[in-house]
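# Structural overview
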Amino acid sequence: MSTEHQSGEPETGATSRSNASRALRFIVRFPFLIAFGIVRAAVYSAWYLAFFLLCMFRPFTGFLMLTAIVMVPMAIVVHAHPDAANGMPSLAFGLMAIGLVAFAIGYTIFLDWFTPPGAEDPFARYRRSDR
């Protein structure tokens, strides 16, 4: 009772053994494929959730820029009247302004780098468009 391949040759023990090894290999790999798929889905879900949460805080970086703009005149006033800041040096206000601007720009660059494939900012529709 031998079966024939498409080529018309009878099936030998080597081909039936290769079919059995293919089936066994599939059965052994299947649980690992399922586990890998679950882990991959969890990682992508966490990535998209983190991106969503980080996008929620992007408008606050605009306030950091506004705060930095306010810090520059404060640094000038404190430099002219050192008693106005209760002993805080005027250089601290200038450094705070630089730090706030650096953080705001760095946050935006990081968020653009952190964006998952195919995702876009879900809160962009609430921001003002200058176009």
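Here, every reference points to the structure presented above.
Here we summarise the structure given alongside this text. Computed from a prediction, not measured in an experiment: that's the story for all the values here.

According to the stated counting rule, one finds two salt bridges in the structure shown. D112 is paired through a salt bridge with R58; the nearest N and O atoms lie 3.3 Å apart. Pair noted here: D112 is in helix α3 (residues 90–114) and R58 is in helix α2 (residues 58–80), with a separation of 54 residues, a long-range link. A relative accessible area of 48% means that D112 is categorised as partly exposed.

So, about a nonpolar patch on the surface. On the surface, L49, F52, L53, M56, F57, F60, F63, L66, V70 and M74 cluster together into a nonpolar patch covering about 950 Å² of accessible area. Broken down by secondary-structure element, the contributors of at least two residues to the nonpolar patch are α1 (13–56) and α2. Tracing the chain through its elements places F57 in the loop between α1 and α2.

So, about the packing of aromatic side chains. Any two aromatic rings considered together are summarised by their centre-to-centre distance and by the angle between their planes. Taken as a whole and assessed by the stated rule, the structure comprises nine aromatic pairs. Ring plane angle 45° and centroid distance 5.6 Å describe the contact between Y44 and W47, whose orientation is recorded as tilted. Taken as a pair, Y44 and W47 lie in helix α1 at a separation of three residues, close to a single helical turn. Using a relative accessible area of 31% as the deciding quantity, one classes Y44 as partly exposed.

Thresholds, definitions, all that
- Residues numbered from 1 in each chain as written.
- Predicted model: local features only at pLDDT ≥ 70, side-chain atom pairs only at ≥ 80, totals over all residues.
- Heavy atoms only, no water.
- Salt bridge = Lys/Arg side-chain N within 4 Å of Asp/Glu carboxyl O.
- Helix = DSSP H or I, 4+ residues; strand = E, 2+ residues; numbered from the N terminus.
- Buried < 20%, exposed > 50% of the residue type's maximum accessible area, 1.4 Å probe, protein only.
- Patch = residues over 30% accessible without salt bridge, like charges linked within 9 Å, V, L, I, M, F, W, Y side chains within 5 Å.
- Areas by Shrake-Rupley, 256 points an atom, 1.4 Å probe, with all protein chains shown as cover.
- Phe/Tyr/Trp six-rings, centres within 6.5 Å; stacked < 30°, edge-to-face > 60°.

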